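Take a look at the letters that make up each chain.
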Amino acid sequence: MNRILVIKLGAFGDIIQSDGALRDIRAHHAKDEIVVLTTPAYARIFNRCPHIDRVIVEERFPRWRIDKLLAMRKRLQNENFALVYDLQNSDRTAFYFKWLLPNVIWSGTAPGCALPHRAQNPKMIRTLDRKSTRLNSSHANIS
């Protein structure tokens, strides 16, 4: 069994729209543990989601809080994730890819990730289209 991390930090509408992506991730990783990294405002919603096993809350601390960054890095690295689905695709999660989980297979728009979304300007692609393309990718076959 692998442990899969899904990052979805915010935007209420995007959280609700991620249900289909989470359902597809669960179907593709039926025997794996699915963990969502989110913010306190959305933890209750994800805790009730039938497609995930548990939630890790990220407090949205500023990057100058090195103590918090190191604690989060240690916590995430101790989870031994096999794969990250970055459904947030923000500068913050690109930072996470580079500094918190650099040795984990990453699916998203972070520069240098193993499973990049192939678009000239991924930030301009509608959220649902980006999620659909990523989940349909044959590159995301982690068993």
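Refer to the preceding data block for the structure.
Since we're looking at a predicted model, the values are computed, not measured.

Undergrad: Whenever I open this one, helix α4 (residues 91-100) confuses me. Can you help?
TA: Three or four residues apart is the spacing at which side chains of an α-helix point the same way, because the helix has 3.6 residues per turn. Those residues of α4 that sit buried are R92, T93, F95, Y96, F97 and L100. Those residues of α4 hidden inside the fold are in contact with β1 (3-7), β2 (33-38), α3 (66-78), β4 (83-86) and β5 (105-108).

Undergrad: Hey, could you run me through unusual backbone geometry in this one?
TA: Trans peptide bonds make up most of the peptide bonds, and negative phi angles are found at most residues other than glycine. If you check the backbone angles, A11 has positive phi at about 80° while not being a glycine. Turning to its location among the elements, A11 is positioned in the loop between β1 and α1 (12-28). With a phi close to 50°, N89 is a non-glycine residue in the positive phi region. Looking at where N89 falls in the secondary structure, it is placed in the loop between β4 and α4. Judged by its relative accessible area of 7%, N89 is buried.

Undergrad: So what exactly am I meant to see when it comes to the packing of aromatic side chains here?
TA: Aromatic ring pairs are defined here through the distance separating the ring centres and the angle between the ring planes. Evaluation of the coordinates by the stated rule reveals 2 aromatic pairs. Seen in terms of ring centroids, F95 and Y96 are 6.5 Å apart; in terms of plane orientation they differ by 55°. Their pairing is tilted. Assessed through its relative accessible area of 18%, F95 is described here as buried. Overall, the relative accessible area of 2% leaves Y96 in the buried class. Look at F97 and W106: their rings are 5.3 Å apart centre to centre, the planes differ by 55°, and that puts the pair in the tilted class. Of the two residues, F97 and W106, both sit in the buried class. Positioned above the aromatic ring of F95 is the side chain of R63, whose terminal nitrogen or guanidinium carbon lies 4.4 Å from the ring centre.

Undergrad: Please explain the pairing of β1 as it appears in this structure.
TA: Across a regular strand the side chains alternate sides, sitting on one face of the sheet and then on the other. Burial runs high along β1: 4 of the 5 residues are buried. Bridge count for β1 against β2 is 5 bridges, and the pairing is parallel. When the sheet's bridge partners are listed, R3 is paired in β2 with E33. Following the backbone out of β1, through α1 and into the adjacent parallel β2, one traces a crossover that is right-handed. Here β1 runs beside β4; their pairing, made up of 4 bridges, is parallel. Within β4, the residue paired with I7 across the bridge is D86.

Each value, and the rule that gives it
Residues numbered from 1 in each chain as written. Predicted model: local features only at pLDDT ≥ 70, side-chain atom pairs only at ≥ 80, totals over all residues. Heavy atoms only, no water. Buried < 20%, exposed > 50% of the residue type's maximum accessible area, 1.4 Å probe, protein only. Helix = DSSP H or I, 4+ residues; strand = E, 2+ residues; numbered from the N terminus. Contact = heavy atoms within 4.5 Å. Phe/Tyr/Trp six-rings, centres within 6.5 Å; stacked < 30°, edge-to-face > 60°. Lys NZ or Arg CZ within 6 Å of the ring centre and 35° of its normal. Pairing = 2+ DSSP bridges. Right-handed = clockwise from strand over helix to strand, strands pointing away.

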